[in-house]
Amino acid sequence: MIKKHSLFFLFCIATVFLYIFCLSRSVYGGDVGDLVTAASLSGVAHPPGYPLFTILGFLLSRFAFLNLPQAFLVGLISALSGGIGLIVFYFLSYSMTKNRLSAFLATSILAFVFPYWFYAEIAEVFALNSLFAIILFTLAYFYRKNYSSLNLFLLFVFLGLSLANHQTIILIFPSILLLIAMPFYKSLKKSKKVIFLPFLGFLLGLSPYIYIPIAASKHPVINWDNVHEIKSFLHLVLRQDYGTFQAGIFDKPTLWQRFVTLRVYLMYVVSQLTIPVVSICLLGLFILWKKEKTFLISIILAFLVSGPLFIFYAGFPLTGSFILGVYERFFALSSIILLIPFSIGVYSLAKYLSVFLKRNLYLSLFQIIFFAIPITLLFYNFPKTNLSQVMIGDTYAQDLLNSLPAHTLLAFNGDTLVFNTWYVHYVRKIRPDVTLYNFGGEVQNNTTNVFGQTQDIKKNLGNKLDTMISKLIDNSKVRPVFSTILLEPTKDDKKIRWIPYGLAYKLTLSESPLPPESKYLEDQDRIWSTFRIPTAEQKSEKAYHDLTISEFPTGFSNAALALGTFLYTNYSDTTNSEKYYKMAVKIDPENYKAYETLGTYYISIKGKCPEVAANLTAAISLNPFEKLPYFLLYSTYKDCFNKKDAAEQIAKEYTAVFQEDFSKALKKQVPDEVFSK
């Protein structure tokens, strides 16, 4: 068999080496830092725990003697999953067509389509999730053909294993059960014993969940939900921190916003797979209508449920690049399903043309021409998926830690920042003298016992906010205390001041005198000179444009904004505040807040009307859902330029976006607040 498919196996070997070559050596962004840290330290990852990935990651992380980064070693799960997925997908395609060329073509497209390739390059659960989806469809298809008890048993083992990896796989379960329903019913009529196979196989597949209470009992550094009995176990597995059956913690979207996200999804799938590929896939579905209606319905059902329906239901708020990156990761599953009928479509079309033109040569020639698509995808997506040199996920966390004084308490929040800092601190052992305090947990002996996601600090902490600030104040009496976000107490008896310091803020009491400006500026200039901010050359590389790492340039940019505003409001230093405002724009040209702040700063300087308008216009174009720039730009056109028509146009744009009366909203707005933020 290997000889018969030798060309394909050579392709697979080469592709796996390509995946490993491009594999990220850092924790990149998103959930990678949490998953790698939990795997390396035998911990429990964020809900629902991801026990299978953690176990596999733990085993691979034991090869640390090879002097390879832990993020790379754990990431091998994704690279190898991507390669194995290609092999299984090929044999599924081949079994449907009995044509090696069409199966090879379909598989090569899958290998280089962006969502599949990209998640084969980072230590995330989605490449393994894709592999399970392909395996499940393949086993269900073969069981439908041969009624094999072994196929049935393996199918349910992999159903359980897939749930132990990522729970979104359940979206294709109805399609898998539809495929096997009739064969299972016929097998059951022959022997009642067959009913035990699914039950035993599924339990065996779910067995990795045993890891969670065992690992939690040892109180590891990363120990989400502190599982110690059935209730806390179910709390973790059912994702109650985020809300069971919810995609995440964010405001409930409107119906219009759901349709917008759906439209973005459909445009993305078509653009990534390309129009010719999608057209051939639709042709393949049409061919299946004549040959295997149940298989056709199964594919359509799986695509609709895992794609459009899930995206519409989840309603991810498209409010920034990082959220878009989170949203993007759920496209891979439905893209794979849509590709399943491609081999049938391209083979049927080639066969028809060869008969129509009365030359069998065209059967192969037509399919060979289509190889231009995977070749194009290879060269187009390689610059975006070659993450081997993208180290910003590690370096940002290192810069944050290394800029702090000795024996500091660092309070922080936000998934990517927290997770990457955990990895750098606990796994790479950088700055062990620093105590990490996540606002979603409590400090215990230099570790953090996290109990949930904390996107909105005030909303999630509630009345715990003042208690936490009191703890920080008490700590500041014995050691420096820093935070990556500004926390303001609700009670008047807690007077504090946050002073920008590198990528964080230093906590001081309000009655404490400000540091002399010359000394403060000297310290900040020194710290900023050590930061490894992506260069213009690096930012020109497509790999630095991936949505998942968009937070890091924005983090540097926002820190520069905070420093500029502090210099302006406390020292009336317009020269250096403008310097850092401009630096913020240069660091992250996609940061709307940088343009908004710079535009607002220019309002205070006479004769800067063009600069005000240019920066506020840029802010609105980058984020049309922020109200303040509309009000400021309206006033600029009306009072500074004396252009009432332009001002009214801004008012109309505001009304169209926010569906509220501009004049009434303007009266409630206090523009001077911008400098106190």
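Residues numbered from 1 in each chain as written. Predicted model: local features only at pLDDT ≥ 70, side-chain atom pairs only at ≥ 80, totals over all residues. Heavy atoms only, no water.

**Overview of the overall build of the chain**
For step 1, the next point in the chain: Scanning the chain from N- to C-terminus turns up 33 helices and seven strands.
For step 2, the next point in the chain: Burial statistics for the chain: of 677 residues in total, 56% are counted as buried.
For step 3, the next point in the chain: Nonlocal contacts in the chain, meaning residues at least 24 apart in sequence, comprise 71% of its contacts between residues at least 6 apart.
For step 4, the next point in the chain: On the chain, roughly 30,200 Å² of surface is accessible, and the fraction owed to carbon and sulfur atoms is 63%. (Helix = DSSP H or I, 4+ residues; strand = E, 2+ residues; numbered from the N terminus. Buried < 20%, exposed > 50% of the residue type's maximum accessible area, 1.4 Å probe, protein only. Contact = heavy atoms within 4.5 Å. Areas by Shrake-Rupley, 256 points an atom, 1.4 Å probe, with all protein chains shown as cover.)

**Some remarks on a nonpolar patch on the surface**
For step 1, the next point in the chain: Among the surface-exposed residues, Ile195, Phe196, Phe199, Leu200 and Leu203 lie close enough to one another that they form a single nonpolar patch of about 530 Å² accessible area.
For step 2, the next point in the chain: Relative to the assigned elements, Leu200 resides in helix H10 (residues 196-206). (Patch = residues over 30% accessible without salt bridge, like charges linked within 9 Å, V, L, I, M, F, W, Y side chains within 5 Å. Salt bridge = Lys/Arg side-chain N within 4 Å of Asp/Glu carboxyl O.)

**A closer look at the sheet that holds strand S6 (residues 496-501)**
Strand pairing in a sheet takes place through backbone hydrogen bonds and is either antiparallel or parallel in direction.
For step 1, the next point in the chain: Taken together, five strands build an open sheet; the order of strands is S2-S1-S5-S7-S6 and the sheet is mixed. Edge strands, defined here as strands with exactly one partner in the open sheet, are strand S2 (435-438) and S6. Neighbour-to-neighbour, the strand axes of the sheet open up by a mean angle of 30 degrees, direction not taken into account.
For step 2, the next point in the chain: In the sheet, S6 pairs with strand S7 (residues 504-509) via six bridges, with the strands oriented antiparallel. When the sheet's bridge partners are listed, Tyr501 is paired in S7 with Ala504.
For step 3, the next point in the chain: Running over the sheet, helix H24 (residues 464-476) touches strand S1 (409-412), S2, strand S5 (481-483), S6 and S7 and is turned about 80 degrees from S7. (Pairing = 2+ DSSP bridges. Axes fitted to C-alpha atoms, helices over the stretch in contact; angles between N-to-C directions.)

**Digging into helix H9 (residues 173-190)**
For step 1, the next point in the chain: Counted at 1.5 Å a residue, the expected span for H9 with its 18 residues is 26 Å, and the 25 Å between its end C-alpha atoms agrees.
For step 2, the next point in the chain: The largest bend in H9 amounts to roughly 45 degrees and is located at Ala181, with the proline Pro183 lying one to four residues further along.
For step 3, the next point in the chain: Looking at H9, one finds that the buried residues are Phe173, Ser175, Ile176, Leu179, Ile180, Pro183, Phe184, Ser187 and Leu188.
For step 4, the next point in the chain: Here the buried face of H9 lies against helix H7 (126-146), helix H8 (149-163), H10 and helix H15 (293-314). (Expected span 1.5 Å × (residues − 1). Bend = angle between axes of the 7 residues up to and from the residue.)

**Some details on the state of the cysteines**
For step 1, the next point in the chain: Following the criterion strictly, the structure yields one disulfide and no others.
For step 2, the next point in the chain: The disulfide partner of Cys609 is Cys640, and the S-S distance across this bridge is 1.4 Å. A residue pair is termed long-range when its members are at least 10 positions apart, and Cys609 in helix H30 (residues 609-622) and Cys640 in helix H31 (residues 628-640) qualify at 31 residues. (Disulfide = S-S within 2.5 Å.)

**As for the confidence of the model for the chain**
For step 1, the next point in the chain: In this model, the chain carries an average pLDDT of 87, and 89% of its residues clear a pLDDT of 70 or more.
For step 2, the next point in the chain: For the stretch residues 670-677, pLDDT sits under 50, and the model shows twelve contacts to residues farther than four places along the chain or on other chains. (pLDDT = per-residue confidence, 0-100.)

**Focus: the pairing of S2**
For step 1, the next point in the chain: Alternating residues of S2 divide into Thr435 and Tyr437 and Leu436 and Asn438, and every residue in both groups is buried.
For step 2, the next point in the chain: Pairing between S1 and S2: four bridges, direction parallel. Across the sheet, Leu409 pairs through a bridge with Thr435, a residue of S2.
For step 3, the next point in the chain: Regarding the hand of the β-α-β motif, the stretch spanning S1, helix H22 (residues 415-427) and S2 is right-handed. (Right-handed = clockwise from strand over helix to strand, strands pointing away.)

**Section: the pairing of S7**
Here is the key point about a regular strand: its side chains alternate between the two faces of the sheet.
For step 1, the next point in the chain: Direction of pairing for S5 relative to S7: antiparallel, over a ladder of two bridges. By the bridge assignment, Phe482 is partnered in S7 with Lys506.
For step 2, the next point in the chain: Hairpin geometry of S6 and S7 is characterised by an intervening segment of two residues between the two adjacent antiparallel strands and by a positive phi of about 65 degrees at Gly502.

**Some points on helix H17 (residues 332-339)**
Because each turn of an α-helix spans 3.6 residues, side chains separated by three or four positions end up pointing in the same direction.
For step 1, the next point in the chain: Among the eight residues in H17, eight count as buried, and that is most of the element.
For step 2, the next point in the chain: Of the residues making up H17, those classed as buried are Ala332, Leu333, Ser334, Ser335, Ile336, Ile337, Leu338 and Leu339.

**A look at the environment of Pro553**
For step 1, the next point in the chain: For Pro553, the position within the fold is in helix H27 (residues 551-571).
For step 2, the next point in the chain: With 34 residues separating them along the chain, Pro553 and Ile587 place their C-alpha atoms 6.3 Å apart.
For step 3, the next point in the chain: Apart from residues lying up to four places away in sequence, Pro553 is in contact with Ile392, Ile587 and Asp588.

**Some points on the side chain of Gln524**
For step 1, the next point in the chain: Counting through the fold element by element, Gln524 comes out in helix H25 (residues 517-530).
For step 2, the next point in the chain: The residues touching Gln524, leaving out its near neighbours within four places in the chain, are Pro500, Tyr501, Gly502, Leu563 and Tyr580.

**Focus on the nonpolar core**
For step 1, the next point in the chain: Phe137, Ile172, Phe342 and Leu410 are the most contacted members of the largest nonpolar core, which has 201 residues in total.
For step 2, the next point in the chain: Considering each element in turn, this core owes the most residues, 13 residues, to H7.
For step 3, the next point in the chain: With near-sequence residues (within four places) excluded, Phe137 lies in contact with Leu92, Ile172, Ser175, Ile176, Leu179, Phe295, Ser298, Ile299, Ala302, Ile337 and Ile340.
For step 4, the next point in the chain: Core analysis: the next-biggest nonpolar cluster, separate from the first, contains 16 residues, Phe439, Met468, Tyr505 and Ala562 among them. (Core = buried A, V, L, I, M, F, W, Y, C linked by side-chain atoms within 4.5 Å.)

**Quick word on the packing of aromatic side chains**
For step 1, the next point in the chain: Considering all chains together, one arrives at 49 aromatic pairs under this definition.
For step 2, the next point in the chain: For the pair Tyr520 and Tyr571, a centre-to-centre distance of 6.2 Å together with 35 degrees between the ring planes defines the contact as tilted. Highlighted residues: Tyr520 in helix H25 and Tyr571 in helix H27, separated in sequence by 51 residues.
For step 3, the next point in the chain: Overall, the relative accessible area of 17% leaves Tyr571 in the buried class.
For step 4, the next point in the chain: Their ring planes at 65 degrees and their centres at 5.1 Å tell us that Trp528 and Phe531 sit as a pair that is edge-to-face.
For step 5, the next point in the chain: Ring-pair connections join several aromatic residues into one group, and the members of that group are Phe8, Phe9, Phe11, Tyr90, Phe91, Tyr94, Phe104, Phe112, Trp117, Phe371 and Phe382.
For step 6, the next point in the chain: Directly above the aromatic system of Phe658 lies the positively charged group of Lys627, at a separation of 5.4 Å from the ring centroid. (Phe/Tyr/Trp six-rings, centres within 6.5 Å; stacked < 30°, edge-to-face > 60°. Lys NZ or Arg CZ within 6 Å of the ring centre and 35° of its normal.)

**Examining unusual backbone geometry**
For step 1, the next point in the chain: A cis amide bond links Pro47 with the next residue in sequence, Pro48, at an omega value of 10 degrees.
For step 2, the next point in the chain: One can find Pro48 in the loop between helix H2 (32-40) and helix H3 (51-61).
For step 3, the next point in the chain: At Ser572, a residue that is not glycine, the phi angle is positive and equals roughly 50 degrees.
For step 4, the next point in the chain: Classification of Ser572 by relative accessible area gives exposed; the value is 60%.
For step 5, the next point in the chain: Positive phi outside glycine occurs at Asn642, with the angle close to 60 degrees.

**Observations regarding the pattern of salt bridges**
Between side chains of opposite charge, a pair can form as their charged atoms come close.
For step 1, the next point in the chain: On inspection of all chains with the given rule, the structure shows 15 salt bridges.
For step 2, the next point in the chain: Linking Glu292 and Lys145 is a salt bridge whose minimum nitrogen-to-oxygen distance equals 3.2 Å. With a gap of 147 residues between them, Glu292 in the loop between helix H14 (275-291) and H15 and Lys145 in helix H7 connect regions that are remote in the sequence.
For step 3, the next point in the chain: Of the residues examined, Lys145 reaches a relative accessible area of 48% and is grouped as partly exposed.
For step 4, the next point in the chain: Sharing partners across several salt bridges, the network here consists of Asp31, Glu124 and Arg329.

**Observations regarding the packing of H7 against H15**
For step 1, the next point in the chain: In contact at an axis separation of 12 Å, H7 and H15 are set at 165 degrees when each is read in the N-to-C sense. Accordingly, the angle class assigned to the pair H7 and H15 is roughly antiparallel. Both H7 and H15 take part in a crossing whose hand is right-handed. Contacts between H7 and H15 involve Phe137, Tyr141 and Arg144 from the first element and Thr294, Phe295, Ser298, Ile299 and Ala302 from the second. (Parallel < 35°, antiparallel > 145°, perpendicular 65-115°, else oblique. Left-handed = near helix turned anticlockwise from the far one by under 90°.)

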